[in-house]
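Observations on chain architecture
If you want the building blocks of each chain, they are given just below.
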Amino acid sequence: MPHPTAGPEDNWVARSSGILLCLAVAVIHVADQGGITVTRDPYYIGIAYHVLEIAAVVAALLLLLGVIRAGWLLAVGVAVGPILGYVLSRGPGLPYYPGDIGNWTETLGMVSLAVEGVLLLLALPLFVRATRRAQAGSLPPPQ
């Protein structure tokens, strides 16, 4: 049973969903780059993939351990980062990475966008609520 002062951002169902979505983002990007030990070309894209995968696992761990605000904040980043990368790589393109320009309907990319979109819709409001609750808890009581 949740603590009586716990908010929706601390709800186990929401946290479990966030954990699974973060891990799904990591798995999708490991699959897209060809494995954990592979680094995509160009090198900066490969490093960005590794950073995203690590961040996704860390966000899942934070949520699992009950570090709510930091977990939801990192989950927002795990969602926003690849969405931005997808739009930039398929739209104007990225330096030394012209291969995905115009490739909007790649299957794994579409799956990734769906997972990241759901994660963003879950994590952003729960991060905002957790922040508001923390700020309200730090205010001195009215006199």
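A water-sized probe, rolled over the atoms, reveals where empty space remains. As a volume, the largest pocket reaches approximately 440 Å³. For the lining of the largest pocket, the elements supplying multiple residues, two or more each, are α1 (12–33), α2 (43–65), α3 (68–90) and α4 (107–137). Looking at the lining of the largest pocket element by element, the count peaks at six residues for α3. Partitioned by chemical class, the residues of the lining of the largest pocket number 11 nonpolar, six polar and six charged.

So, on to the nonpolar core. Ranked by internal contacts, the top residues of the largest apolar core, which has 25 residues, are Cys22, Val25, Trp72, Ala75, Val78, Leu119 and Ala123. Among the secondary structure elements, those contributing two or more residues to this core are α1, α2, α3 and α4. Setting aside residues no more than four positions away along its own chain, Val78 makes contact with Val25, Leu52, Ala55, Ala56, Ala59, Glu116 and Leu119.

Right, let's talk about the pattern of salt bridges for a bit. For the coordinates displayed, the defined rule picks out three salt bridges. A salt bridge links Asp100 to Arg90, with the nearest nitrogen and oxygen atoms 3.5 Å apart. Taken together, the residues span a long stretch of sequence, with Asp100 in the loop between α3 and α4 and Arg90 in helix α3 at a distance of 10 residues. What makes Asp100 buried here is its relative accessible area of 11%. A relative accessible area of 7% means that Arg90 is categorised as buried. The network of salt bridges with shared partners includes Arg90, Asp100 and Glu106.

Below, the discussion takes up α3. Note that an α-helix has 3.6 residues per turn; residues three or four places apart therefore point the same way. For α3, which comprises 23 residues, the first-to-last C-alpha distance of 33 Å matches the rise-based estimate of 33 Å (1.5 Å per residue) to within 8%. All of the buried residues in α3 are Ile68, Gly71, Trp72, Ala75, Val76, Val78, Ala79, Pro82, Tyr86, Ser89 and Arg90. Residues of α3 that are buried in the fold lie against α1, α2 and α4.

Moving on, we come to the packing of α3 against α4. When two helices pack together, their arrangement is captured by the angle between the axes and the distance separating the axes. Taken N-terminus to C-terminus, the directions of α3 and α4 make an angle of 145°; their axes are 7 Å apart at the nearest point. For the pair α3 and α4, the crossing hand works out as left-handed. The residue makeup of the contact of α3 with α4, split by class, is 22 nonpolar, three polar and two charged.

Okay, the confidence of the model for the protein chain next. For residues with low pLDDT, the predicted coordinates do not support detailed interpretation. Looking at the protein chain, pLDDT values average 89 and 90% of them are 70 or higher. This stretch, residues 1–5, has a pLDDT under 50; its non-local contacts, to residues over four places away or in other chains, come to one contact.

Applying the stated rule across the entire model yields one aromatic pair. Judged by centre distance (5.9 Å) and plane angle (70°), the ring pair of Tyr86 and Trp104 falls under edge-to-face. Here Tyr86 is found in helix α3, whereas its partner Trp104 is found in the loop between α3 and α4, with 18 residues between them in sequence. Residue Tyr86 is classed as buried on the basis of its relative accessible area of 7%.

Calculation notes
Residues numbered from 1 in each chain as written. Predicted model: local features only at pLDDT ≥ 70, side-chain atom pairs only at ≥ 80, totals over all residues. Heavy atoms only, no water. 1 Å grid on protein atoms, 1.4 Å probe; cavity = no way out; pocket = protein on both sides within 12 Å on 5 of 7 lines; lining within 4 Å. Points joined across faces, edges and corners; volume = space filled by probe spheres on them. Helix = DSSP H or I, 4+ residues; strand = E, 2+ residues; numbered from the N terminus. Nonpolar A, V, L, I, M, F, W, Y, C, P; charged D, E, K, R; others polar. Core = buried A, V, L, I, M, F, W, Y, C linked by side-chain atoms within 4.5 Å. Buried < 20%, exposed > 50% of the residue type's maximum accessible area, 1.4 Å probe, protein only. Contact = heavy atoms within 4.5 Å. Salt bridge = Lys/Arg side-chain N within 4 Å of Asp/Glu carboxyl O. Expected span 1.5 Å × (residues − 1). Axes fitted to C-alpha atoms, helices over the stretch in contact; angles between N-to-C directions. Left-handed = near helix turned anticlockwise from the far one by under 90°. pLDDT = per-residue confidence, 0-100. Phe/Tyr/Trp six-rings, centres within 6.5 Å; stacked < 30°, edge-to-face > 60°.

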